[in-house]
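So the chains spell out like this:
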Amino acid sequence: IPRERIRNFCIIAHVDHGKTTLSDRLLQITGTVVESKLQNQMLDSMDLERERGITIKAHPVTMTYFYPKDKQYYQLNLIDTPGHVDFSYEVSRSLSACEGALLVIDATQGIQAQTVSNVFLAEKHNLVLIPVINKIDLPTANPELVKKQLEEILAIPADTAILASGKEGIGIDEILQAIIRHIPPPQAFPDQILRALIFDSVYDPFKGVILYVRMFSGKIKKGEKILLLSTKKSYEVKEVGIFNPKMVPEEELYEGNSGYVIANIKDPSEIKIGDTITWETGGTTSPLPGFQEIVPMVFSGIYPLNSSEFEKLKNAIQKLQINDPAITISQESSVALGSGFRCGFLGLLHMEIVQERLRREYGVDILTTYPSVVYKVYLRSGEILEVDNPSKLPDPSTIEHIAEPLVKAYLIVPSENIGELMQLISEKRGSCETTETLDQNMVILHCLFPLNEILVDFNDKLKSITHGYGSMDYKPAGYRISDLVKLDILVNGEPIEALSCIVHASKAESRGRAIIQKLKERIPRHLFKIALQAAIGSKIIAREDIGAIGKNVTAKCYGGDITRKRKLLEKQKEGKKRMKTFGKVDIPQEAFLEILKTD
Ligand code: GDP
């Protein structure tokens, strides 16, 4: 198929607006997957993604479509993009592999914050947008309202919008034809020199690193010597192919194609997403645009619950990082927790997903520390430190002041919830700079927040106040000096490093109380009394005690029933496995997890 009949596109949508369902329909109608084989939601392959309704990895698929107007076959390459704010860097790199995008909007929900931010991103990449108003089968669908929003908020002509239902299969052919008509074919580079953009990579234990590429010019085939521009390393190509939707080897990939390249790359760290592939000899020296440095925003310590599992954890984290280069890791050790890792994430959701995958896919029992942002600590000596770990905070007497990272957020919310939201915003030390009316029901708020405040539960609270109708997105907005202190949690006088956090002085007491309350509810009684304290330096600001208990758990079995007794003991052993001992106190892992949700 010649370049003129290739289209590279992606789908951008707010979470739950139906991107996956629609993608499945496109695959089905183009015969890429046969209906009977169409597993629900082909593209979202990870269980975790399915549960949370988000797509983490960009995953391309090549479809062939017969266009009835000119009776020709077209190659349509769909490059998947994640919808959540945490992953906007992945959205961005998928966009740089496309010439156009379907903008899917739920007809019952209208435009949401992520829709707006994704449209901005797409426009930055000069993509042609095709608006798709989805879920029109629902009785509450209001396509007219969405059209109005399209024009008023995004300045996209509403008459170009396609009414569709991924679920009922309405408007699917229309979408495919609009892709062919409106999205331009890939541009040609007249020199025919190999230029391919690496927009993602995965690691396969047998094949090594598999590069997901978008061909911009020239050809690539087996046996050729290629060079990666940023690392200047060369490799021999072992296999090239397309995703259909499974990997299918091809003779060659040529300009306009999207597919994969396997080149005997054993070490995933040699690969930079956004890098350009060219020939080893006679190649180009100027990289394709699309490279974006990934900056982690949230840090947390990850430790094996059982210190003998350190190697297992190390392996698991390294494997995870291969498929998710957005994670940064460095080894660290702590007196209380032993050896572990300090990991950087794009946001809190990203962090939760990584932690969950370590547990589920790699079966490592881990303990994670309270998430932290990167603070700038100005010392009296004039030195400036960047601290992402509360336990690394220097002695308070040496600190001049501490600055915290801010984010510019925009919230799209129902106007009727404004009152309650303003309260939430001020609770989170945010300020609202401007409000814009979106339509008769919705408003856009432009706010400034300390990142640290919206990390843990802001999104959940926003959703609950707005009954799911509110949405938000944010981007970094520099630093501001604030009155920040280090809050320590002590169990029987011993500080639990994993629970230390840096908080605004005005919140230290309530945060401290909340944490020790959760601990009190979750630490089982011991043979001795346990004191739980929250402290700033040497000042105790909150305290709770857990009374002593002397009884054996089996005591109430009255001796008789041996199987019941054994069951109880086994259960107790099981519980033990998930405990971490501090001093003489066993703290269940669950308590740590629960505290992460505290505020
Ligand atoms: P994604 O998060 O954007 O990938 O959204 P999904 O495709 O997973 O869809 C989210 C939810 O909306 C699922 O429960 C789907 O069954 C439902 N859904 C998707 N498309 C339609 C549609 O056209 N009509 C209706 N009624 N429901 C849909």
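Each remark here, short or long, concerns the structure printed above.
This report concerns the structure included in the present document. Computed from a predicted structure; not experimentally measured. (Residues numbered from 1 in each chain as written. Predicted model: local features only at pLDDT ≥ 70, side-chain atom pairs only at ≥ 80, totals over all residues. Heavy atoms only, no water.)

### Some points on the nonpolar core
Okay, step 1: In terms of nonpolar packing, the biggest core is built from 79 residues, with L358, L411, F449, L519 and I587 touching the most fellow members.
Okay, step 2: If near-sequence neighbours (up to four positions away) are discounted, L519 is found in contact with I489, V491, L499, L532, I546, I587, A591 and I595.
Okay, step 3: Ranked by size, the runner-up nonpolar core spans 39 residues in total, among them I12, I111, I156 and L438. (Core = buried A, V, L, I, M, F, W, Y, C linked by side-chain atoms within 4.5 Å. Buried < 20%, exposed > 50% of the residue type's maximum accessible area, 1.4 Å probe, protein only. Contact = heavy atoms within 4.5 Å.)

### Concerning the sheet that holds strand β18 (residues 328-334)
Okay, step 1: Taken in spatial order, the four strands of this open sheet run β18-β19-β17-β20, and their pairing is antiparallel. In this open sheet, the two strands that pair with only one neighbour each are β18 and β20 (366-368). On average, adjacent strands in this sheet sit at an angle of 30° to one another, irrespective of strand direction.
Okay, step 2: Bridging between strand β17 (residues 298-304) and strand β19 (residues 338-345) involves five bridges; their strand directions are antiparallel. The residue of β19 that forms the bridge with F299 is G344. (Pairing = 2+ DSSP bridges. Helix = DSSP H or I, 4+ residues; strand = E, 2+ residues; numbered from the N terminus. Axes fitted to C-alpha atoms, helices over the stretch in contact; angles between N-to-C directions.)

### What about the pairing of strand β15 (residues 258-262)?
Every regular strand shows the same layout, with side chains that alternate between the two sheet faces.
Okay, step 1: Among the five residues of β15, five are classified as buried, and the element is accordingly described as predominantly covered.
Okay, step 2: In the sheet, strand β12 (residues 239-243) pairs with β15 via three bridges, with the strands oriented antiparallel. By the bridge assignment, V240 is partnered in β15 with V261.

### Concerning a nonpolar patch on the surface
Okay, step 1: A surface patch of nonpolar side chains, amounting to about 280 Å² of accessible area, comprises I1, F66 and Y73.
Okay, step 2: Assignment of secondary structure puts I1 in the segment before β1 (6-13).
Okay, step 3: A relative accessible area of 36% means that I1 is categorised as partly exposed. (Patch = residues over 30% accessible without salt bridge, like charges linked within 9 Å, V, L, I, M, F, W, Y side chains within 5 Å. Areas by Shrake-Rupley, 256 points an atom, 1.4 Å probe, with all protein chains shown as cover. Salt bridge = Lys/Arg side-chain N within 4 Å of Asp/Glu carboxyl O.)

### A few points about the site of the ligand
Okay, step 1: Around the ligand, the structure places 17 residues, and the nearest of them are D16, K19, T20, T21 and D137.
Okay, step 2: Backbone polar atom of D16 to an oxygen atom of the ligand: 2.8 Å apart, as the coordinates give it.
Okay, step 3: Here the ligand loses 80% of its free accessible area of 580 Å² to cover by the protein chains.
Okay, step 4: No other element matches helix α1 (residues 19-29), which puts three residues into the shell around the ligand.
Okay, step 5: For the shell around the ligand, a count of residues per class yields two nonpolar, 10 polar and five charged. (Near = heavy atom within 4 Å. Polar contact = N/O pair within 3.5 Å; in protein donor to acceptor, adjacent residues only side chain to side chain. Nonpolar A, V, L, I, M, F, W, Y, C, P; charged D, E, K, R; others polar.)

### A few points about the side chain of E255
Okay, step 1: On the secondary structure map, E255 appears in the loop between β14 (252-254) and β15.
Okay, step 2: With a relative accessible area of 12%, E255 lands in the buried category.
Okay, step 3: Excluding anything up to four places from it in sequence, E255 contacts R3, I6, A188, F189, Q192, M215, F216, S217 and G218.

### As for the pattern of salt bridges
Okay, step 1: Taken as a whole, this structure holds 26 salt bridges when the rule is applied.
Okay, step 2: When the shortest N-O distance is used, the salt bridge between E255 and R3 registers 3.4 Å. In this pair, E255 sits in the loop between β14 and β15 while R3 sits in the segment before β1, placing the two residues 252 residues apart along the sequence. Residues E255 and R3 agree in their burial class; the two are buried.
Okay, step 3: With a closest N to O distance of 3.9 Å, K392 and E332 form a salt bridge. In this pair, K392 sits in the loop between β22 (384-387) and β23 (399-414) while E332 sits in strand β18, placing the two residues 60 residues apart along the sequence.
Okay, step 4: Looking at K392, the relative accessible area reads 52%, which means it is exposed.
Okay, step 5: Within the structure, one salt-bridge network assembled from shared partners comprises E332, R342, D388 and K392.

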